[in-house]
Amino acid sequence: MPATALLSAVLILQAWSPPVATQHVVVQETITRRPGKKFRKYTLRLKIRKIVRLVDLRSCNSFKGQAILWYFVNAHLSSLLHFPAYSCGVPAYPPYVTRVVGGEDANPHSWPWQISLQYDKSGVWAHTCGGTLIATNWVLTAAHCISSSRTYRVLLGKQNLEVEEPGSVAAAVEKIIVHEKWNTFLIVNDIALIKLAEPVEVSETIQPACLPASGALLTQDFPCYVTGWGRLWTNGPISDDLQQALLPVVDHATCSKWDWWGSRVKETMVCAGGDGVVAGCNGDSGGPLNCYGANAWEVHGIVSFGSGLSCNTRKKPTVFTRVSAYIDWINEKINLN
């Protein structure tokens, strides 16, 4: 028999919708290569029903040791040969990120992971909360947005909720997973996952956000943006166009002071805003706190609660579920479902 050469290939899966918190999954495989034999193209299929780019292993013939092969995960086999390589947290249309005081219309499709969670209201779909696409078939939102008596759908790729827009998708829901320790009285563990009935195709208008590293904490005044179709002011109308507002982070030491939120704010939460001018409001619940990390936007928060006096009460910043405190929970639920 001819000698068998062992080619150890490190398969690095760089995905915009990874099933884990980090953006790279490293898998070690050993591939047997027989000298003089022609190799067919090799397709790696993942359990998460995604496929990777076909790679011709004949290009590895000159390697005697390790070959590093990059596989870019895609959502559908049909788009294998022509689909552009979108990354999580890198929008095709960059957002306007000037330090504007007060909310403003977002640049269309510049927050392509923002979704509208809608429910069937007597035969008409109505916006109730926001949410964040974190994988091609998973959405992150707030537990308080979910009612077991309602039927939901997820609207993706939208700028204006009142008009038909090319590139938008209405996705059915397969299942909803509310945190098992969600407490409506204390408003703790305010987090839920929505599994879509079918994966959505990633495009210029639909892309997932990156997840932060587990346990990551943001410093005082770190600039983040809240986005959503919530009320334009306290008791005001819901916005038709997606809004964004700069909300600098308020660290836990400050936010937990007695004249701020005191003991209501837990370490599994993150505060942002509190200047009495800009805040999240009703309808923004479940939506993301978008913070720019290592060359990409990360969803660091899920809109949870604010002041009952008004949306923009001074020293009562918008309080978010801190996503980095729930990375293990997110990974566990996605892997099991």
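Residues numbered from 1 in each chain as written. Predicted model: local features only at pLDDT ≥ 70, side-chain atom pairs only at ≥ 80, totals over all residues. Heavy atoms only, no water.

Undergrad: Quick question: what am I supposed to make of the overall build of the chain here?
TA: Along its length, the chain carries two helices and 16 strands. Counting over 337 residues, the chain shows a buried share of 52%. Taking all contacts inside the chain whose residues are at least 6 apart in sequence as the whole, residues at least 24 apart take part in 66%. Accessible surface, the chain as shown: approximately 16,000 Å² in total, 53% of it carbon and sulfur. (Helix = DSSP H or I, 4+ residues; strand = E, 2+ residues; numbered from the N terminus. Buried < 20%, exposed > 50% of the residue type's maximum accessible area, 1.4 Å probe, protein only. Contact = heavy atoms within 4.5 Å. Areas by Shrake-Rupley, 256 points an atom, 1.4 Å probe, with all protein chains shown as cover.)

Undergrad: How do you make sense of the nonpolar core when you look at a structure like this?
TA: As a rule of thumb, nonpolar side chains are buried together in soluble globular proteins. In terms of nonpolar packing, the biggest core is built from 44 residues, with Leu 133, Ile 134, Leu 193 and Ile 330 touching the most fellow members. Those elements that place two or more of their residues in this core are strand E5 (114-121), strand E6 (124-135), strand E7 (138-141), strand E8 (152-156), strand E9 (169-178), strand E10 (192-196), strand E15 (297-305) and helix H2 (327-336). No other element matches the five residues that E6 contributes to this core. With sequence-adjacent residues up to four places away left out, Ile 330 is seen in contact with Ile 134, Leu 140, Ile 191, Leu 193, Leu 211 and Val 323. Val 226, Ala 245, Leu 289 and Cys 291 belong to the second-largest nonpolar core, a separate cluster that totals twelve residues. (Core = buried A, V, L, I, M, F, W, Y, C linked by side-chain atoms within 4.5 Å.)

Undergrad: Hey, could you run me through the sheet that holds E10 in this one?
TA: Paired through their backbone hydrogen bonds, the strands of a sheet run either parallel or antiparallel. Pairing is antiparallel in the closed barrel, where six strands are placed in the order E5-E6-E7-E10-E9-E8. Each neighbouring strand pair of the sheet contributes to a mean axis angle of 45°, computed without reference to strand direction. Pairing analysis gives four bridges linking E7 to E10, with the strands arranged antiparallel. Across the sheet, Trp 138 pairs through a bridge with Lys 195, a residue of E10. Sitting on the sheet, H2 is in contact with E6, E7, E9 and E10, with an inclination near 30° to E10. (Pairing = 2+ DSSP bridges. Axes fitted to C-alpha atoms, helices over the stretch in contact; angles between N-to-C directions.)

Undergrad: Explain the packing of aromatic side chains to me, please; I cannot follow it from the model alone.
TA: Aromatic rings in a pair are described by how distant their centres are and how their planes are angled relative to each other. Per the stated rule, a full pass over the model turns up six aromatic pairs. Aromatic pair Trp 111 and Trp 297: ring centres 4.9 Å apart, planes at 75°, arrangement edge-to-face. Here Trp 111, found in the loop between strand E4 (104-105) and E5, pairs with Trp 297, found in strand E15; they are 186 residues apart in sequence, far enough to count as distant. Here Trp 111 and Trp 297 have matching classes, each one buried. Aromatic side chains Trp 261 and Phe 305 sit 5.1 Å apart centroid to centroid with 90° between the ring planes, which places their arrangement in the edge-to-face category. You can see Trp 261 sitting in the loop between helix H1 (252-255) and strand E13 (269-272) and its partner Phe 305 sitting in strand E15, a full 44 residues away along the chain. These aromatic residues form a ring-pair network of at least three members: Trp 111, Trp 113, Tyr 225, Tyr 292 and Trp 297. A cation over an aromatic ring shows up here: Arg 150 above the ring of Tyr 119, its NZ or CZ 3.7 Å from the ring centre. Stacked on the ring of Phe 305, the Lys or Arg Arg 264 has its end atom at 5.0 Å from the ring centre. (Phe/Tyr/Trp six-rings, centres within 6.5 Å; stacked < 30°, edge-to-face > 60°. Lys NZ or Arg CZ within 6 Å of the ring centre and 35° of its normal.)

Undergrad: Explain the side chain of Lys 333 here, please?
TA: Topologically, Lys 333 is positioned in helix H2. Judged by its relative accessible area of 14%, Lys 333 falls in the buried class.

Undergrad: What's the story with the pattern of salt bridges in this structure? I'm lost.
TA: Close approach of charged atoms allows side chains of opposite charge to pair. Summed over the entire model, instances satisfying the criterion amount to four salt bridges. As a salt-bridge pair, Asp 259 and Lys 315 come within 2.9 Å of each other at their nearest N and O atoms. Placement of the pair is Asp 259 in the loop between H1 and E13 and Lys 315 in the loop between E15 and strand E16 (318-322), with a sequence separation of 56 residues. Classification of Asp 259 as partly exposed rests on a relative accessible area of 25%. (Salt bridge = Lys/Arg side-chain N within 4 Å of Asp/Glu carboxyl O.)

Undergrad: Can you walk me through H2 in this structure?
TA: Helical geometry note: an α-helix holds 3.6 residues per turn, so side chains three or four residues apart project in the same direction. Every buried residue of H2 is accounted for by Ile 327, Trp 329, Ile 330, Asn 331, Lys 333 and Ile 334. Against E6, E7, E9 and E10 lie the buried residues of H2.

Undergrad: I tried to follow the environment of Ser 147 on my own but got confused; where do I start?
TA: Here Ser 147 shows up in the loop between E7 and E8. The spatial distance from the C-alpha of Ser 147 to the C-alpha of Tyr 119 is 9.7 Å, given a sequence separation of 28 residues. Looking at Ser 147, its side chain comes within polar contact range of the side chain of Ser 149, at 2.9 Å. (Polar contact = N/O pair within 3.5 Å; in protein donor to acceptor, adjacent residues only side chain to side chain.)

Undergrad: Is there a simple way to explain the pairing of E6 in this structure?
TA: Two faces belong to every sheet, and in a regular strand the side chains alternate between them. Summarising burial for E6: ten of the twelve residues are buried, a large majority. Of the strand pairs in this sheet, E5 and E6 are connected by eight bridges, and their pairing is antiparallel. The residue bridging Leu 117 from the neighbouring strand is Cys 129, located in E6. Where E5 hands over to E6, the hairpin turn is made up of two residues, of which Ser 122 adopts a positive phi near 55°. A loop of two residues connects E6 with E7, the two strands running antiparallel in sequence.

Undergrad: Hey, could you run me through the confidence of the model for the chain in this one?
TA: Parts of the model with low pLDDT should not have their predicted coordinates read in detail. Across the chain, pLDDT averages 76, with 66% of residues at or above 70. Scored below 50 in pLDDT, residues 1-83 makes 166 contacts in the model with residues more than four places away or belonging to other chains. (pLDDT = per-residue confidence, 0-100.)

Undergrad: Just to check I follow, could you spell out the pairing of E8 for this structure?
TA: For E8, the buried fraction is high: four of the five residues fall into the buried class. Bridge count for E5 against E8 is four bridges, and the pairing is antiparallel. In the sheet register, Gln 118 faces E8, and the bridge partner there is Arg 153. In this structure, E8 lies alongside E9, joined through four bridges in antiparallel fashion. Directly across from Leu 156, in E9, lies its bridge partner Val 169.

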